[in-house]
Amino acid sequence: MFIATLIAAERIGAGDISAAADRLAAAGCAPGAFRWIEEGRAGDVPFAHGPDLARGVLEGAFAGTDVVVQPAAGRAKRLLIADMDSTMITVECIDELADYAGIKPQIAEVTERAMRGELDFAAALDARVGLLKGLGEDAIERCLAERVRITPGAEALVKTMRANGAETILISGGFTRFAEPVAQRIGFARAIANRLMIANGVLDGTVAKPIVDSATKEATLVEAVATLGLDPAATLAVGDGANDLAMIRRAGLGVAFHAKPIVAAAAGARIDHGDLSALLYAQGYARDRWVLE
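Turning to the layout of surface pockets, a few remarks are in order. Taken as a whole, the largest pocket spans an internal volume of roughly 320 Å³. Along the wall of the largest pocket there are 19 residues; nearest its centre are Val69, Gln70, Pro71, Gly252 and Leu253. Mapped by element, the contributors of at least two residues to the lining of the largest pocket are helix H2 (51-58), strand E4 (65-71), helix H11 (245-250) and strand E11 (253-257). Considering only residue class, the lining of the largest pocket consists of 10 nonpolar, five polar and four charged.

The following block contains the structure:
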């Protein structure tokens, strides 16, 4: 059996659910009885077969509503691997650092191209960090305090999954000076990211090697699955950029979160409207089961 979960950014009605069931029936997916996860916000329509058909007829069919299609068994995941910039936080840290150096437009353009998959990630990172040479180390703490904001739903997602026995790993192509405090605040068990090199209180324009990139993210998921003895289907990976694609494809449930087109097209699920709490509904967690502390 499979489940199509409809998750509204604001509100969804019984009529929408009925229409979803009708679409599934017309596609030959053999839907069963609908049930609310949380009335007006998220609900499940089980169906017998044709998950790709189901995605095709449901995604984009209901305004302001995300759809996650997956096997019914094992929907509550045991491992979360998550990107940081523009996923768990609302900004790209390197772009914000660049603003303190007065070169944000120049660096942000390269970031955008790298996240769309148009540039080699490692080379693009080296080039951008090189442009930050001479920026005072104090800009990092200022940026963290003034610019970095946690994405709505992130804390609930991570803390609820951990409370239910899941391992949680934040992995970023950004920098440890941001990833470590962000991971601690949100509740991740650990964080992996790149290390900015600093000398005499200023950035020296380099990043420690090897660079945390797409291959690192995928390898981290694979190693965690082996270490924990998990079925790969029990994993959830979420990100927005091209360097997240490998781990998203590898995960049991790979999610493109407000993602670049190349990622949205390849991911097993897309969240285009809601916040990260949508991934709790996708796992069957109603709000009264969310953990916030």
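Moving on to the sheet that holds strand E12 (residues 269-271). The pairing of strands in a sheet happens through backbone hydrogen bonds and is either parallel or antiparallel. Taking strand neighbours across the sheet as the criterion, the six strands line up as E7-E6-E5-E10-E11-E12 in an open arrangement whose pairing is parallel. The strands lining the two open edges of the sheet, one partner per strand, are strand E7 (190-194) and E12. Taken pair by pair, the neighbouring strands of this sheet meet at an average axis angle of 20°, ignoring direction. Alignment of strand E5 (residues 79-82) against strand E6 (residues 167-175), held across four bridges, turns out to be parallel. Note on E6: the bridge partner recorded for alanine 82 is leucine 170. Relative to the sheet, helix H8 (residues 154-163) contacts E5, E6 and strand E10 (235-239), its axis offset from that of E5 by approximately 155°.

Counting 66 residues, the largest nonpolar core has Leu80, Met88, Leu97, Leu132, Phe178, Phe188 and Val238 as its most contacted members. Discounting residues that sit within four places of it in the chain, valine 238 has contacts with Leu80, Ile81, Ala82, Asp83, Thr87, Met88, Met247, Val255, Phe257, Leu276 and Leu279. Ranked by size, the runner-up nonpolar core spans 17 residues in total, among them Ile171, Val225, Ile248 and Ala251.

By the criterion of burial, strand E1 (residues 2-8) is predominantly enclosed, with seven of the seven residues buried. Taken together, the six bridges between E1 and strand E3 (residues 42-47) define a ladder with antiparallel strand orientation. When the bridges of E3 are listed, alanine 4 appears paired with valine 45. Bridge count between E1 and E4: seven bridges; the pairing is antiparallel. Residue isoleucine 7 lies in a different strand from E4, and its bridge partner there is aspartate 66.

It is worth spelling out the pattern of salt bridges at this point. Scanning the entire structure with this criterion turns up 22 salt bridges. The shortest N-O distance in the salt bridge between glutamate 96 and lysine 104 comes to 2.9 Å. Lysine 104 gets classed as partly exposed once you look at its relative accessible area, which sits at 25%. In this structure, glutamate 112 engages lysine 260 in a salt bridge whose closest nitrogen and oxygen atoms are separated by 3.9 Å. With glutamate 112 in helix H5 (residues 104-115) and lysine 260 in the loop between E11 and helix H12 (261-266), this residue pair connects regions lying 148 residues apart in the sequence. Here glutamate 112 falls in the partly exposed class, since its relative accessible area comes to 32%.

The next thing to look at is the packing of helix H7 (residues 138-146) against helix H9 (residues 176-186). Each pair of packed helices can be described by the angle between their axes along with the distance between the axes. Interaxial distance between H7 and H9 falls to 10 Å at its minimum, and their mutual angle equals 35°. Between H7 and H9 lies a crossing of right-handed hand. Contact residues: H7 offers Ile140, Glu141, Cys143 and Leu144, while H9 offers Arg177, Phe178 and Pro181. Looking at the contact of H7 with H9, its residues break down into five nonpolar, no polar and two charged.

Take the side chain of serine 277 next. Structurally, the position occupied by serine 277 is in the loop between E12 and helix H13 (278-282). Engagement of the side chain of serine 277 in a polar contact is seen with the side chain of aspartate 275, the distance being 2.4 Å. In this structure serine 277 touches Pro152, Gly153 and Trp290, once residues within four positions along its chain are discounted.

Bringing H9 into the picture now. What H9 keeps buried is the set Thr176, Phe178, Ala179, Val182, Ala183 and Ile186. End-on view of H9: buried residues confined to an arc of 155°, all on one side of the axis. Just downstream of H9 lies glycine 187, where phi reads positive at about 115°.

The subject of this paragraph is the environment of glycine 15. Structurally, the position occupied by glycine 15 is in helix H1 (residues 14-26). When the C-alpha atoms of glycine 15 and asparagine 243 are compared, they prove to be 39 Å apart, with 228 residues separating the residues in sequence.

Summed over the entire model, instances satisfying the criterion amount to one cavity of 30 Å³ or more. Surrounding the largest cavity, 17 residues form its lining, Asp85, Glu92, Phe121, Gly173 and Gly174 being those nearest its centre. A total of four residues in the lining of the largest cavity trace back to one element, the largest contributor, which is E6. Each residue belonging to the lining of the largest cavity can be placed in one class, and the counts come to six nonpolar, four polar and seven charged.

What counts, and where the lines are drawn
- Throughout, residues of each chain are indexed from 1 in the direction in which the sequence is written.
- Note on the predicted model: pLDDT of at least 70 is required for a residue's local features to be given, and 80 or more for side-chain atom pairs to be given and counted; whole-chain, interface and lining totals, by contrast, use all residues.
- The side-chain quantities take in all heavy atoms of the structure and omit both hydrogens and water.
- With a 1 Å grid laid over protein atoms only, a set of points is called a cavity when a 1.4 Å probe fits there but cannot get out and a pocket when it is open yet has protein on both sides within 12 Å along at least five of seven lines; lining residues have an atom within 4 Å of a point.
- Grid points are joined across faces, edges and corners, and a volume is the space filled by probe spheres set on the points.
- Only DSSP runs of H or I reaching four residues or more are called helices, and only runs of E reaching two or more are called strands; each is numbered from the N terminus.
- Gly is placed with the polar residues, together with every amino acid not listed as nonpolar (Ala, Val, Leu, Ile, Met, Phe, Trp, Tyr, Cys and Pro) or charged (Asp, Glu, Lys and Arg).
- For two strands to be treated as a pair, DSSP must find no fewer than two bridges joining them.
- Axes here refer to lines fitted to C-alpha atoms; in helices the fit is confined to the stretch in contact. Angles between the N-to-C directions go from 0 to 180 degrees.
- We call two residues in contact whenever any of their non-hydrogen atoms come within 4.5 Å of each other.
- Only buried residues count toward a nonpolar core, which is a set of Ala, Val, Leu, Ile, Met, Phe, Trp, Tyr and Cys residues joined through side-chain atoms within 4.5 Å.
- Only protein chains enter the area calculation, which uses a 1.4 Å probe; residues under 20% of their type maximum are buried, those over 50% are exposed, and those in between are partly exposed.
- Here a salt bridge means any side-chain nitrogen of Lys or Arg lying within 4 Å of a carboxyl oxygen belonging to Asp or Glu.
- Helix crossings fall into two classes, left-handed where the near helix is turned counterclockwise from the far one by less than a right angle and right-handed where it is turned clockwise.
- Within 3.5 Å is the distance limit for a polar contact, defined as a pair of N or O atoms, with the added protein rule that one can donate a hydrogen and the other accept it, and that residues adjacent in sequence qualify only through two side-chain atoms.
- Note: the arc covers the axis-to-C-beta directions of the helix.

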